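Next come the chains, spelled out residue by residue.
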Amino acid sequence: MVHIRTTITRRGLGALLAAGLLATGLSGCGNSDTGGDAGGTDKIVLGFSQVGAESGWRTANTNSIKEAAGAAGIELKFDDAQQKQENQIKAIRNFIQQKVDVIAFSPVVESGWDTVLKEARDAKIPVILTDRSVDSADKTLYQTFIGSDFVKEGRLSGEWLVEQTRSATGPVNIVELQGTTGSAPANDRRKGFAEAIAANPNLKVVASQSGDFTRAGGKQVMEQFLKANPKIDVLFAHNDDMGLGALEAITAAGKVPGKDITIITIDAVKDGMQALADGKFNFIAECSPLLGPQLMDLVKKVHAGESVPTRVETEETTFTVEQAKAALPTRKY
Ligand code: GZL
């Protein structure tokens, strides 16, 4: 059902009546004084540029956003950038062209957004950052950020390892599968983990390389790590999917994951939690993808010109093997 725009001007209404559009229920396409005219309806039109579909986390995040937009009565224009910044910039420009009411996106990397965000600001279209942030110095380029504290996720991962290796006498060799190069989660998780283990000289990161948050990337890089490093005691993977890919490489090398190599990951998606419950992983720091409902609340507030917090952080926890076994049956993603 196409709704007649409630902000049609008197003249516009006359034109519609004359054209018989009103009688047939087609949408009024005149410019509305409530912002964009992208959808030709009185619904809020949200343009969303998603990183891609690289991991179980991303799939759950996309589902949460689509479901929440439907539940909130918000018209969603969704674009999958296949993990390419140029595709996100193109999508944002398209949303500006279409005069959407609000733009939201998860920036694949932290840098290189100022120009396109200035174009959105000049077009008077508010922007909301979700999941990942940008390193723009100009904080007027976006209204708010909703997502996780990635430094804390890295720190909690490192603190658990420090606790677990308190009685270790010799060196504990760590290999690190980093997320997408230049992305906020990769930069911040690495930072938090390094800070947490810094006071323990026996804990050493002997190799660190990006697996781009994918299973294939995790497997490929872990194969290289295993060839180049005779003694690997710990794998710290910036997400479950790279850890799951690494499992294949570890078992192919004749080692027992979770025993010969302690595995720490971040996200806590279902497949990761299953690996943890099975003892193949040893610890997961949660990163919730269920941002949809909070995002839609922010979209409505921003569209209505209400003030919103500059940062909305999600509640998260951590899981050990036993905690994963208990939590699995009720996991939503
Ligand atoms: C974190 C998110 C990361 C996840 C990965 O909020 O950006 O990207 O940890 C995903 O699984 O690919």
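What you are looking at is a predicted structure, and each value in this text was computed from that prediction instead of being measured.

Next up on the list: the packing of aromatic side chains. Taken as a whole and assessed by the stated rule, the structure comprises four aromatic pairs. With a centroid separation of 5.9 Å and 10° between ring planes, the pair formed by Phe-48 and Phe-78 is classed as stacked. Taken together, the positions of Phe-48 in strand β1 (residues 45-50) and Phe-78 in strand β2 (residues 75-80) put the pair 30 residues apart, joining distant regions of the chain. Under the relative-accessibility criterion, Phe-48 is labelled buried at 0%. For Phe-78, a relative accessible area of 27% gives the class partly exposed.

Before going further, it helps to spend a moment on the site of the ligand. Not every one of the 13 residues close to the ligand is listed here, only the nearest: Glu-54, Asp-131, Arg-132, Arg-189 and Asp-267. For the ligand, an oxygen atom lies 3.0 Å from a polar atom in the side chain of Arg-58. Within the side chain of Arg-132, a nitrogen or oxygen atom sits 2.7 Å from an oxygen atom of the ligand. Where the shell around the ligand is concerned, the elements lending two or more residues are α3 (56-72) and α7 (184-197). Looking at the shell around the ligand, its residues break down into five nonpolar, two polar and six charged.

For a regular strand, side chains alternate in direction, first toward one face of the sheet and then toward the other. Across the six residues that make up β1, a large majority, six, are buried. Every second residue of β1 is oriented toward a common face, with Val-45, Gly-47 and Ser-49 on one face and Leu-46, Phe-48 and Gln-50 on the other, all of them buried. Pairing of β1 with β2, which is carried by six bridges, proceeds in the parallel orientation. Bridging from a neighbouring strand, Leu-46 pairs with Leu-76 of β2. With α3 bridging β1 and the parallel β2, this β-α-β connection has right-handed handedness. One ladder, built from four bridges, connects β1 with strand β3 (residues 102-105); its direction is parallel. Looking at β3, one finds that Gly-47 is bridged to Ile-103.

Our focus in this paragraph is the pattern of salt bridges. Enumeration according to the criterion identifies 20 salt bridges in this entry. Residue Glu-163 is joined to Arg-166 by a salt bridge in which the shortest nitrogen-to-oxygen separation is 3.0 Å. A relative accessible area of 56% means that Arg-166 is categorised as exposed. With its nearest N and O atoms 2.4 Å apart, the salt bridge here joins Lys-231 to Asp-233. A relative accessible area of 38% means that Lys-231 is categorised as partly exposed. Taken together, the salt bridges that share partners define one network made up of Glu-54, Arg-58, Asp-131 and Arg-132.

You can see Thr-62 is positioned in helix α3. Classification of Thr-62 as buried rests on a relative accessible area of 10%. Apart from residues no more than four positions distant in its own chain, Thr-62 is found in contact with Gln-50 and Phe-78.

Our next topic: the packing of helix α4 (residues 85-97) against helix α5 (residues 114-122). Where α4 contacts α5, the two axes come as close as 10 Å, and the packing angle between them is 10°. One finds that α4 runs roughly parallel with respect to α5. In this structure, α4 uses Ile-89, Ile-92, Arg-93 and Ile-96 to contact α5, whose residues at the interface are Thr-115, Val-116, Glu-119 and Ala-120. By residue class, the composition of the contact of α4 with α5 is five nonpolar, one polar and two charged.

In contact at an axis separation of 8 Å, α3 and helix α11 (residues 292-303) are set at 50° when each is read in the N-to-C sense. Considering their axes alone, α3 and α11 lie oblique with respect to each other. Our pair here, α3 against α11, has a crossing hand that is right-handed. Listed contacts from α11 to Ser-64, Ile-65, Ala-68, Ala-69 and Ala-72 of α3 are Gly-292, Pro-293, Leu-295, Met-296 and Lys-300.

Procedures and definitions
Residues numbered from 1 in each chain as written. Predicted model: local features only at pLDDT ≥ 70, side-chain atom pairs only at ≥ 80, totals over all residues. Heavy atoms only, no water. Phe/Tyr/Trp six-rings, centres within 6.5 Å; stacked < 30°, edge-to-face > 60°. Helix = DSSP H or I, 4+ residues; strand = E, 2+ residues; numbered from the N terminus. Buried < 20%, exposed > 50% of the residue type's maximum accessible area, 1.4 Å probe, protein only. Near = heavy atom within 4 Å. Polar contact = N/O pair within 3.5 Å; in protein donor to acceptor, adjacent residues only side chain to side chain. Nonpolar A, V, L, I, M, F, W, Y, C, P; charged D, E, K, R; others polar. Pairing = 2+ DSSP bridges. Right-handed = clockwise from strand over helix to strand, strands pointing away. Salt bridge = Lys/Arg side-chain N within 4 Å of Asp/Glu carboxyl O. Contact = heavy atoms within 4.5 Å. Axes fitted to C-alpha atoms, helices over the stretch in contact; angles between N-to-C directions. Parallel < 35°, antiparallel > 145°, perpendicular 65-115°, else oblique. Left-handed = near helix turned anticlockwise from the far one by under 90°.

By themselves, these figures tell us nothing about what the structure is for.
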